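Residue-level listing of the chains:
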Amino acid sequence: MTFDPRKMILAWDCRQDATVVECLMIHKEEGQISMEPMEKQCNCTFELRSLHGGVLLMVKANTSQGLFEEKLKYHNPGGNGTAAENFSCFMYDEDFMNCTWAKGRAAPGDVQYFFYIRDSEGETERECPHYLEHSGTHVGCHVKDISGLTFYSYFLVNGSSRGTGIQFFDSILSKNDMKRYSPPINITVNCNHSHCLLKWQRPKAQQHMSARELKYEVDIQRKGHKDGSGHKPIPIPGNLGNKHSFSINPTARYTVRIRTANSRILHWGPWSEPVEFGFEEGEASPKYVYVLVVLGTLLGALLIGFLFKRFLVMHALFPPIPKIKDKLNDNQETGLQVSWNELMPGTGKAENEEVITVEEVA
């Protein structure tokens, strides 16, 4: 028996008196995988699987002597703990892809890793066009053109060292697994004194997608609150018209940001830039101020009306008391001019005066 890991083909020498009934792959993560060979074929082709954990292959055949089983163990050569770790890939802006990994815990200091991308059929393979390095060791790959990437792709990170065998790491990812959607654009917030309406638009790259394929997360935070003390992000299905209504404190200021993911695989993309809205502390909404002015005017008018009505009632119940006429004071102004003759003393009442000198006054 032989196994070609690139094409996932398990083959064996044919015997005329043997009829193969089943091919088996025992996978550490996916369990037992069964295949039936084509008629008169001496091989089985399995679907693409990751192999870094090793697999056990079996062939069951009927012979003239009964049921016969043959086993083949495929293992990952190299020292344990030398393979790349924490492998991940994500696509962004529809045309770019970044894959990153970390150096194995038991990898020697001179280890060097190499990254390859293979299509799901194993027909084409290309090495990383632009490596990302840390202290001279490849720890990532940046791909500028992913137009040739199939829906399912096989990723392989192998390594080399002068003194130690390096195990490989492989993974099979779909575009949906890797895609990180760009955040929404044209985010606007319109508020009155108590509620706000948030709206946004999808980027052009997502226009061809059904709204049901997308899901959004809206993060609204009041300014001045410490991280973790605000509201949790709000999940919003993509088929609700790209809008969200919510209540606010009319004397506070807020920020909002939004991110996008596939509704079936919640691998969230990056957050949008925060958008500020609301009012400063102590600054009220214009409509709120208008309402306060109207209410204040009405209350003032009601108070004046109440006081005026009370004055009329008091005047009717307690009319003013007329004053007593003071004849002496009432004639004070009319008797200011007095005749000189009235002030002259009567005959015999004046004292005799002796005139000493007489002068002529001009």
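The sections below set out a description of the structure shown in this document. The residue count restarts for each chain, going from 1 along the sequence in the order it is written. The predicted origin of the model limits local features to residues at a pLDDT of at least 70 and limits the giving and counting of side-chain atom pairs to 80 or more, whereas totals for whole chains, interfaces and linings rest on all residues. Excluding hydrogens and water, the side-chain figures rest on all heavy atoms present in the structure.

To count toward a patch, a residue needs a relative accessible area over 30% and no salt bridge; like charges are then connected within 9 Å, while nonpolar side chains (Val, Leu, Ile, Met, Phe, Trp, Tyr) are connected within 5 Å. Per-residue and other accessible areas follow the Shrake-Rupley method at a 1.4 Å probe size, with only the shown protein chains counted as cover for residues. Salt bridges are counted wherever a side-chain nitrogen of Lys or Arg sits within 4 Å of a carboxyl oxygen of Asp or Glu. Side chains of Val-291, Leu-292, Val-294, Leu-295 and Leu-298 sit close together on the surface and give an oily, nonpolar patch of about 410 Å² of accessible area. Helix numbering and strand numbering both begin at the N terminus, where a helix is a DSSP run of H or I of at least 4 residues and a strand a DSSP run of E of at least 2. Within the fold, Val-291 resides in helix α2 (residues 286–317). Each residue's exposure class comes from its accessible area (1.4 Å probe, protein chains only) as a fraction of the maximum for that residue type: buried when under 20%, exposed when over 50%, partly exposed otherwise. With relative accessibility at 38%, the residue Val-291 sits in the partly exposed group.

Turning our attention to the sheet that holds strand β22 (residues 275–278). The sheet built from 4 strands is open, its strands ordered β19-β18-β21-β22 with antiparallel pairing. Each having just a single partner strand, β19 (234–237) and β22 make up the two edges of the open sheet. On average, each strand axis in the sheet is tilted by 30° relative to the strand beside it, whichever way the strands run. In this analysis, strands are considered paired if DSSP registers two or more bridges between them. Note: strand β21 (residues 253–262) against β22, 4 bridges, orientation antiparallel. Within β22, the position partnered with Tyr-254 by the bridge is Phe-277. Axes, fitted as lines to C-alpha atoms, cover a helix only where it is in contact. Angles between the N-to-C directions of the axes lie from 0 to 180 degrees.

Bringing the environment of His-244 into the picture now. Mapped onto the fold, His-244 is located in strand β20 (residues 243–247). A residue is classified by how much of its surface remains accessible, and His-244, at 16% relative accessible area, is buried. Along the sequence, His-244 and Leu-197 sit 47 residues apart, while their C-alpha atoms lie 5.9 Å from each other. Only heavy atoms enter the contact rule, under which two residues are in contact if any of them lie within 4.5 Å. Filtering out sequence-adjacent residues up to four positions away, His-244 remains in contact with Cys-196, Leu-197, Leu-198, Trp-200, Ile-220, Ile-234 and Ile-236.

Attention now moves to the state of the cysteines. For the purposes of this analysis, a disulfide is any pair of cysteine sulfur atoms at a distance within 2.5 Å. Applying the stated criterion to the full structure yields 5 disulfides. Each sulfur in the disulfide pair Cys-191 and Cys-196 lies 1.9 Å from the other. The S-S bond linking Cys-191 to Cys-196 shows a torsion near 110°; that makes this disulfide right-handed. If the cysteines joined by disulfides in the chain are listed in sequence order, their pairing comes out as 1-3, 2-4, 5-6, 7-8, 9-10.

So, about the side chain of Arg-118. The residue Arg-118 is located in strand β10 (residues 112–119) in this model. Whenever a nitrogen or oxygen atom comes within 3.5 Å of another N or O atom, the pair is scored as a polar contact, on the condition that within protein one atom can donate a hydrogen and the other can accept it, and that pairs from neighbouring residues in sequence are kept only if both atoms are in side chains. Here the side chain of Arg-118 touches Glu-125 through a polar contact of 2.9 Å, side chain to side chain. Apart from residues no more than four positions distant in its own chain, Arg-118 is found in contact with Pro-5, Arg-6, Thr-124, Glu-125, Ser-153, Tyr-154 and Leu-156.

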